Amino acid sequence: MNVPGKTETTEAVARARAGDAEAWGEIYREMGPAIFRFCRRALPTREDAEDATMEIFSKLWEGKLSQYDESRSFSAWLYRVAANHCWDILRRRKIRQDKETEDVENVPLEHPDPNQLDRMIEQKTSEEVRHALNKLGARARMALVMRYYSDMSYDEIADALGVRRAFVGVVLLRARHELRQALEGKSALAAGGTL
Amino acid sequence: MSDPVDPALPESPGGMTEHLDEMTCLLYAERQLDRARAQVVSAHAQDCAACRTLLRALERESRLLTRAMLEEDEPLPSRLAEFQERARKSFGWIWGVIFGLAATGLYALYTSFVEPLQQRLEQAGFGGTSLLSLLVFQGAFWKGWQSVITLFEVLAMVTVAGFGLVIFRRRLRRGSALALVLAGLCVALAIPAPAGATEFRKGEIYELAKDETVKSDIFITTGRARIDGTVEGDLFFFGQSIEIGGHIKGDAIVFAQSVRVSGQIDGNIRSFTNNLTITGTVERNVLTFNETATIDSAGKVEGSLTTFAQNVIVDGHLGRDLLGMDDETNISGTVGGGIRAKGRSMSIASTAQIAGPVHFEGDHPAIVDPGAKLASPVQYTKLEHESQYRTGHYYVWRIIWTAAFILFGLVLFLLMPKFTDEAVRAGERFGAPLGLGVLVFFGVPIAAILACVTVVGIPLGVLTLGIWALAINCAEIIVGTVVGKWILGPPADTWGLIGRMTLGFVIVRIVYTPLAHVHIVGALAGLGIWMWGMGAIALALYSRVQPTRPPNMTAGPVPPVGLPPHTTVGGIQPA
């Protein structure tokens, strides 16, 4: 999977930690656009994403970077920071609702119609998917963005969302169903049909 | 955790194979099933076109999602493009403010303390030299302090190392940090020993007999000491009382309740004592901070005498000048130079002989016996007790010091953002920090002084006192931040907290300044602020040494829901 910002900036990070202002510029140029798009996908408005991006980099600047373990991927770590920050924003706004958690118990697990699903996916454009993403609940959108934009592992997603690792698959599946519903407006697809 | 292997392909009673559920397909597509279940799913998909189609659809859906999210459909906002430049500018601005405020603080220190002291020393006729030249060029004056400064340097380094450990605490395990601190203390204790072949003496009582000679410096930490022999280097004493009846060829640096010099000291005396009595001879200068300093009728100080004391009595011989900031000054002996004194009263007896000018600034004119032999009449200046609060000067400096404290707070918050945040949060709990603050405010200095009784405890005691003094300076900042948070609400980040600190600190200063006029209320308010802030800092420190939560304990809330039946999730990735 092509992950934005995957190119490592290890050297720049090391210099930034040593107080090199130019290195900050390199990190920002390398990762800033990717982090902005992450925030744009995760948060409701463009303004929110701009604010969040600046806050994330401000955090790094103010000392958060000292927590980065250099033996691991910087971009992965930065996405985790961004995910936690965005989720905090959403949580503070009470967009995340406990109801979402409760509803997951009722997620249908039967087959959707594979052919119908296949056709629908073939017909939909990226733009339509992005519009549909904006209609999803906070948790569903956050989960999809973490998984399919920044390639975060189930463990990382569980950690960011504060759920058990075993629960992440359920969250993702439910998010897909919500997405299909938003794309088609057909409850049968979203709820899953039978063969 | 992986669930036990669940048959992913339950067979119907009629032997018909049922289809995979979507959750299983998704986990398979995402490589989240364990090997056994993945093999079952793979085998089923070989034979089942519908499930194969579903798997393919899910994978295509994943790719569509990724593609849709990765596409750059919107340009980067110009605001973000400018962020780096703005950040760089704001960084420069911050450093500009820091250096500006630091320069202001240094100027305040110089004009408030150093310059007046320098002027007084010059006016007192310390060889016609400035304080700088006195310190730098007069070797004897400087020499006696070198070892003390070295000790303070070591302690300062250990302190800095301690703060360094706090800052980099995330990278060090607690045990490692403790080991490093202890190692640092051991190094600090070990350093003076090889440095100058200094002899160390400790215990309850130490006596250097008349026929004994110490050929180097000697460092004594005992309850009582008596020196009747000869010390060819400097003498350092930390203890209750010391009597120097022998011969010290270097300087005597003394921290004690009582000091009596009946022998001879070729160098200087620097003393921090309750009582200093000189009945012998000091060849050079005496600098003393104490309650009572006496040059007895038989005593001789060939150099100058500088005192910060309650009572000063010069009944013997003083070779050069007397500079005193003392409550009472009594002169009945001979003074080879002049006198410049400031205090409540001065009396010059009939037996006194003073060769230089006498300046006295006090509440009442000096009482001079007609029989006293003075080079010139006493120049008296009445001490003005005009309330400083009525002068604009006071408020200007109040603003400058407020700015300096805000600078200090800024540095503190940037160096230790998490700890200061914890201290502020602790400060919001009122009762606990106030109660603990009372204990820390009074208890820590007592404990530090008790620790100084033993030789091993001296560095620890001094370090503790230093940290206590630092905490006092931090207390008002913490309280100010709590007030700022009340007004502006919780901050989003460290800079938000700094903003609240600035606002709150200014408000605390504005409220406290008029309160300080009312003596008891002002004192109580000041104490309250100190104790509140110190208690908050102590609480934050206490929470740091508490056992950490086990790593397998979930930090966030866990939804108490079970998985639907036949749902298999959380498997390990297949090889």
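Small disclaimer: the values here were computed from a predicted structure and weren't measured. (Residues numbered from 1 in each chain as written. Chains lettered and ligands numbered in written order. Predicted model: local features only at pLDDT ≥ 70, side-chain atom pairs only at ≥ 80, totals over all residues.)

Peer 1: Could you give an account of the overall build of chain A, with specific residues and numbers?
Peer 2: Along the backbone of chain A there are eleven helices and zero strands. The helix and strand sequence of chain A, counted from the amino end, reads α-α-α-α-α-α-α-α-α-α-α. Burial analysis of chain A (195 residues in total) assigns 47% to the buried set. Restricting the contact set of chain A to residue pairs at least 6 apart, pairs at least 24 apart contribute 68%. (Helix = DSSP H or I, 4+ residues; strand = E, 2+ residues; numbered from the N terminus. Buried ≥ 20, exposed ≤ 12 C-beta atoms within 10 Å, placed from the backbone. Contact = placed C-beta atoms within 7 Å.)

Peer 1: Give me the lowdown on the nonpolar core, citing residues and values where you can.
Peer 2: One finds A:Cys39, A:Cys86, A:Met142 and A:Ala143 to be the most contacted residues of the largest nonpolar core, which totals 79 residues. Here this core gets ten residues from one element, more than from any other, and that element is helix α2 (residues 21–42) of chain A. A:Met142 has contacts with A:Ala42, A:Cys86, A:Trp87, A:Leu90 and A:Leu161, leaving out every residue within four places of it along the chain. Residues B:Leu208, B:Ile244, B:Leu305 and B:Ile354 belong to the second largest nonpolar core, which totals 50 residues. (Core = buried A, V, L, I, M, F, W, Y, C linked by C-beta atoms within 7 Å.)

Peer 1: Explain the packing of α2(A) against helix α8 (residues 138–148) of chain A to me, and be specific about the residues and the numbers.
Peer 2: Residue and element names in this part refer to chain A. Two elements in contact, α2 and α8, have axes separated by 9 Å at closest approach and are oriented at 150°. As far as their axial angle goes, α8 and α2 are roughly antiparallel. Contact with α2, carried on its side by Phe 38, Arg 41 and Ala 42, involves Arg 141, Met 142 and Val 145 of α8 and no other residues of that element. Of the residues contributing to the contact of α2 with α8, the split by class is four nonpolar, no polar and two charged. (Axes fitted to C-alpha atoms, helices over the stretch in contact; angles between N-to-C directions. Parallel < 35°, antiparallel > 145°, perpendicular 65-115°, else oblique. Nonpolar A, V, L, I, M, F, W, Y, C, P; charged D, E, K, R; others polar.)

Peer 1: Describe the confidence of the model for chain A, and please don't skip the residues or the numbers.
Peer 2: Residues and elements named next belong to chain A. Averaged over every residue, the pLDDT of chain A is 79; residues scoring 70 or more account for 80%. Averaged over each element, pLDDT in chain A is lowest for helix α11 (residues 187–191) (41) and highest for α8 (91). Ignoring residues within four places in sequence, the model shows residues 1–7, a span with pLDDT below 50, making 15 contacts including any to other chains. (pLDDT = per-residue confidence, 0-100.)

Peer 1: For the sheet that holds strand β10 (residues 281–282) of chain B, give the residues involved together with the corresponding values.
Peer 2: Residues and elements named next belong to chain B. Here we have ten strands laid out as an open sheet, ordered β2-β4-β6-β8-β10-β12-β14-β17-β20-β23, and parallel in their pairing. With partners counted over all chains shown, the strands left at the sheet margins are β2 (213–214) and β23 (373–374), one partner each. In this sheet, β10 lies alongside strand β8 (residues 264–265) in parallel orientation, the contact comprising two bridges. Each bridged residue has a counterpart across the sheet, and for Ile 265 the counterpart in β10 is Val 282. (Pairing = 2+ DSSP bridges.)

Peer 1: Help me get a handle on the environment of B:Glu61, residues and values and all.
Peer 2: Position of B:Glu61 among the secondary structure elements: in helix α3 (residues 49–70). If near-sequence neighbours (up to four positions away) are discounted, B:Glu61 is found in contact with A:Ile121 and A:Arg176.

Peer 1: Can you break down unusual backbone geometry residue by residue, with the values?
Peer 2: Residues other than glycine seldom take positive phi values, yet A:Asp151 does so here, at roughly 60°. Within the secondary structure layout, A:Asp151 lies in the loop between α8 and α9 (154–161). For A:Asp151, a count of 17 C-beta atoms within 10 Å translates into the label partly exposed. Here B:Arg31, not a glycine, exhibits a phi torsion of approximately 60°, which is positive. Locating B:Arg31 in the fold gives a position in the loop between α1 (22–29) and α2 (35–47).

Peer 1: Tell me about α1(B), and name the residues and values.
Peer 2: Since there are 3.6 residues in each turn of an α-helix, residues three or four apart along the chain are aligned in direction. All names here are of chain B. The element α1 is extensively covered by neighbouring structure, given that seven of its eight residues are classed as buried. All of the buried residues in α1 are Glu 22, Met 23, Thr 24, Cys 25, Leu 26, Leu 27 and Tyr 28. Phi turns positive, to about 60°, at Arg 31, one or two residues after α1.

Peer 1: An account of the environment of B:Asp315 is requested, with residue identities and associated values reported.
Peer 2: All names here are of chain B. Tracing the chain through its elements places Asp 315 in the loop between β13 (305–314) and β14 (317–318). Look at Asp 315 and you get buried, because 20 C-beta atoms sit within 10 Å. Counting along the chain gives 20 residues from Asp 315 to Ile 295, while the straight-line C-alpha distance between them is 5.6 Å.

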